[in-house]
Amino acid sequence: MPFTVAEKILQAHSPEEVKGPGQIVRCTVDMVLANDITAPLAIKSFAAMGAQKVFHTNKVALVCDHFTPNKDIASAEQVRVVREFAQKMGVTHYYEGGDCGVEHALLPETGMVGPGDVVVGADSHTCTYGGLGAFATGMGSTDVAAAMALGETWFKVPPTIKVQIDGELPEYVGAKDLILELIGRIGVAGALYKALEFAGSTVSALSVEGRMTMANMAIEAGGKAGLFTADQKAMDYAKAAGHANPRSFAADPGAAYERVVAIDAGDMSPRVACPHLPENVKPVAEVGQVPIRQAVVGSCTNGRIEDLREAAAVLKGRKVAKGVRLIVLPATPRIWRQAMDEGLFTTFLDAGAVVGPPTCGPCLGGHMGILAAGEVCVATTNRNFKGRMGSLDSFVYLAGPAVAAASAVAGQIIHPAAL
Amino acid sequence: MTYRGKAHKVGSNIDTDAIIPARFLVTTDPQELGANCMEGLEPGWISRVKSGDIMVAGPNFGCGSSREHAPIALKGAGLPVVVAHSFARIFYRNGFNMGLILLEVGDAVDRLGDGHDLEVDAEAGKIVNHTTGETVQCMPVPAFMAEILAAGGLVGYAKARLAAQG
């Protein structure tokens, strides 16, 4: 039977014969992840299960990235719970402080996840690793606790939507615009319970980082996974990162897709998702005049070095508009150092931006960039739900790094070419 | 087991930031989370709820983050059942794992109004609307998930598996 990428990876991790969508299969997992918000609940469930040890001390990652550097006493207490658990269990991959970064940027760059892996994480953006060719999906804390104890989990084999993207990307159009375009077309429930599989010449030309940006937001369409076939570029990335055993899985000719969505990238302009849903997507030119108070460049979606370079290229020789806060959060210490070494911080500081530590912080309304009532933010993050970044009466527009940087300069949402 | 209570109806794509905003995620305590349940939809929303009431929602309920705090908050607020057009995937798994009863009814959700007096029979997959006299039939619980429920939820299931491993 011809298989999709999702079916192939699941089959490689299950003793049961994968027959097709809807079937429940038990799979082994290669990495299990939780963060400072979700790990405390997982640890509670782990204890309730009577588990004495994690299934593998190298295959559990505990990354304290959401409210860190700890924003208050309660969040510090939660991190303490995670730290003590990690110590007690002998978990190798525990991160807090100077070696810590945004989990979905940190795990790929350190080779903890890679092509062909099955990864479950107590964080909805675990699907990011699909950009590397891994079957990766978010779950709740108790599911993750069971995976930590047993080294396996269960999946319903998802039907797959194929997303065929061809054409050469115009200037200022990138991976974020492609995924926003898709979410705009199929809606926030368009891939509910399903896998997305990306293919086409545009996707082949994209960097591995760009692919992770796209896979990251599969969940914003309701998807279980956003998958790419690991090509030479992805395999090289994983090997360079130190991944021990990357495996590439391509779809078979004749694999069954629920539907095919075709996007002509050559025709596109930058996209913006307007409040209060990621599916409210418009070309930036059609957003109208929207003055902003804050811009954020960072997060698991767009906090990688390419994203920072893209923002810096727009900001070079320009100033952030008076009364606008531009907050730049490189996603990991390695990215932070690279940005510093490349001189990007000089550009950011000259422009009047704030450069902060690696943290999820403002994306989820945690800290380091919370919005007051009436404030408008353009962010390279992934969600613009009502109240997501602060007050219920604030507004979040989602965009790529070039649009976010240009908007910070203009003081309103703008096409970078219009600066 | 049947549940009878007043329906509280919410719209489409109710996300987990609406159910329990991130600023409240500094605790795992059900009562504390319950006290702030739906604070991201409307401040003070939860004050209308009496213990045992039933949440009724449109499509894609629970979309967004994987926070298990969302079903815990709903339970902690005294809402034992959510009837929705459909659920977001992670929330659906989490609900089961936390013992929150979730019933997916599709378009029939239009026949369940705000304030209606509902009686839910989770095993039979049946909702009686005492206000209108109508009965709505639901999708049955998938067999594998019923097995997990029979083992006392995922915690019980994992406990049994671990015990068998020695």
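Since the structure is predicted, the reported quantities are computational estimates derived from the model, not experimental observations.

**Some remarks on the interface of chain B and chain A**
- Each partner contributes to the interface: chain B provides 44 residues, whereas chain A provides 46 residues.
- Summing the contributions of chain B and of chain A, the shared interface buries around 3,800 Å²; its carbon and sulfur component is 61%.
- When the buried surface of chain B facing chain A is broken down by residue, V26, R89 and R93 of chain B rank first, second and third, together holding 20% of it.
- Summed over the shared surface of chain B and chain A, the number is three salt bridges.
- The residue R388 of chain A makes a salt bridge to D17 of chain B at a minimum N-O spacing of 2.8 Å.
- Our count for the chain B to chain A interface comes out at 20 residue pairs in polar contact (both at pLDDT 80 or more).
- The greatest single-element share of the side of chain B that touches chain A, amounting to eight residues, is contributed by helix α6 (residues 153-165) of chain B.
- Split into classes, the residues belonging to the side of chain B that touches chain A amount to 20 nonpolar, 13 polar and 11 charged.

**Observations concerning the packing of aromatic side chains**
Residues and elements named next belong to chain B.
- Tallied over the full model, the rule gives 11 aromatic pairs over all chains.
- Aromatic pair F87 and F91: ring centres 6.1 Å apart, planes at 10°, arrangement stacked. F91 matches F87 in its accessibility class, with the two residues each being buried.
- Ring centres of F87 and Y92 lie 5.9 Å apart, and the angle between their planes is 40°; this geometry places the pair in the tilted category.

**Some words on empty space enclosed by the protein**
- As enumerated under the stated definition, the model contains four cavities of 30 Å³ or more in all.
- Each pocket or cavity is described by its volume, and for the largest cavity that value is around 220 Å³.
- Residues belonging to the lining of the largest cavity are distributed by class as follows: eight nonpolar, nine polar and five charged.
- Mapped onto the domain boundaries, the lining of the largest cavity takes at least three residues apiece from domain 1 (23-244 + 254-262) and domain 2 (273-418) of chain A.
- In terms of lining residues, the second largest cavity is bounded by 17 residues, among which I219 and G222 of chain A together with C63, G64 and A88 of chain B are the most central.

**Focus: unusual backbone geometry**
All names here are of chain A.
- The step from T68 to P69 runs through a cis peptide bond, and the omega angle for that step is -10°.
- Within the secondary structure, P69 sits in the loop between β3 (60-63) and α3 (73-89).
- H276 follows P275 through a cis peptide bond whose omega is -5°.
- Assignment of secondary structure puts H276 in the loop between β12 (271-273) and β13 (281-283).
- In this structure, Y193 takes a positive phi of about 70° despite not being glycine.

**Some details on the domain arrangement of chain A**
Residue and element names in this part refer to chain A.
- Taken domain by domain, chain A comprises domain 1 (23-244 + 254-262) and domain 2 (273-418).
- For domain 1 and domain 2, the distance between their C-alpha centres works out to 23 Å.
- On the side of domain 2, 39 residues touch domain 1, which itself brings 37 residues to the contact.
- Between domain 1 and domain 2, roughly 2,900 Å² of surface is buried when both sides are summed, and carbon and sulfur atoms account for 62% of that area.
- Area buried by domain 1 at its contact with domain 2 is led by V102, Y172 and K176, which between them contribute 21% of it.
- At the junction of domain 1 with domain 2, the criterion picks out one salt bridge.
- Residues E220 and R383 are paired through a salt bridge, measuring 2.6 Å at the closest nitrogen-oxygen approach.

**Describing the pattern of salt bridges**
Residues and elements named next belong to chain A.
- For the structure on display, the rule yields 21 salt bridges over all chains.
- Residue E375 is joined to R325 by a salt bridge in which the shortest nitrogen-to-oxygen separation is 2.9 Å. Residue E375 is located in the loop between β16 (354-355) and β17 (376-379), and its partner R325 is located in strand β15 (residues 325-329); the two are separated by 50 residues in the primary sequence.
- Given a relative accessible area of 15%, E375 falls into the buried group.

Thresholds, definitions, all that
Each residue is numbered by its place in its chain's sequence as written, counting from 1. Each chain is given a letter, starting from A, and each ligand a number, starting from 1, according to the order in which they appear as written. For a predicted model such as this one, the threshold for reporting local features is a pLDDT of at least 70, and the threshold for listing and counting side-chain atom pairs is 80 or more; totals across whole chains, interfaces and linings nevertheless cover every residue. Excluded from the side-chain calculation are hydrogens and water; included are all heavy atoms of the structure. Only heavy atoms matter for contacts: two residues are in contact if any of them lie within 4.5 Å across the pair. When two parts are brought into contact, each loses some accessible area as probed by a 1.4 Å sphere; the total of that loss over both is the buried area. By convention in these notes, a salt bridge is any Lys or Arg side-chain nitrogen within 4 Å of a carboxyl oxygen on Asp or Glu. Polar contacts, as used here, are pairs of N or O atoms within 3.5 Å; protein pairs need one atom able to donate a hydrogen and one able to accept it. Residues neighboring in sequence count only if both atoms are side-chain atoms. Only runs of H or I of at least four residues qualify as helices and only runs of E of at least two qualify as strands under DSSP, and these elements are numbered from the N terminus. Residues were grouped as follows: Ala, Val, Leu, Ile, Met, Phe, Trp, Tyr, Cys and Pro as nonpolar; Asp, Glu, Lys and Arg as charged; and all remaining residues, including Gly, as polar. The aromatic pairing rule takes the rings of Phe, Tyr and Trp, using the six-membered ring of Trp, and pairs them if the centres are within 6.5 Å, calling planes under 30 degrees apart stacked, those over 60 edge-to-face and the rest tilted. Burial classification: accessible surface area is computed with a 1.4 Å probe over protein chains only, and a residue below 20% of its type maximum counts as buried, one above 50% as exposed, and the rest as partly exposed. Using a grid of 1 Å spacing that covers the protein atoms alone, one calls a set of points a cavity when a 1.4 Å probe fits there but cannot get out, and a pocket when the set is open and has protein on both sides within 12 Å along at least five of seven lines; lining residues are those with an atom within 4 Å of a point. Grid points are joined across faces, edges and corners, and a volume is the space filled by probe spheres set on the points. Marked domain ranges trace back to an automatic or database domain assignment.

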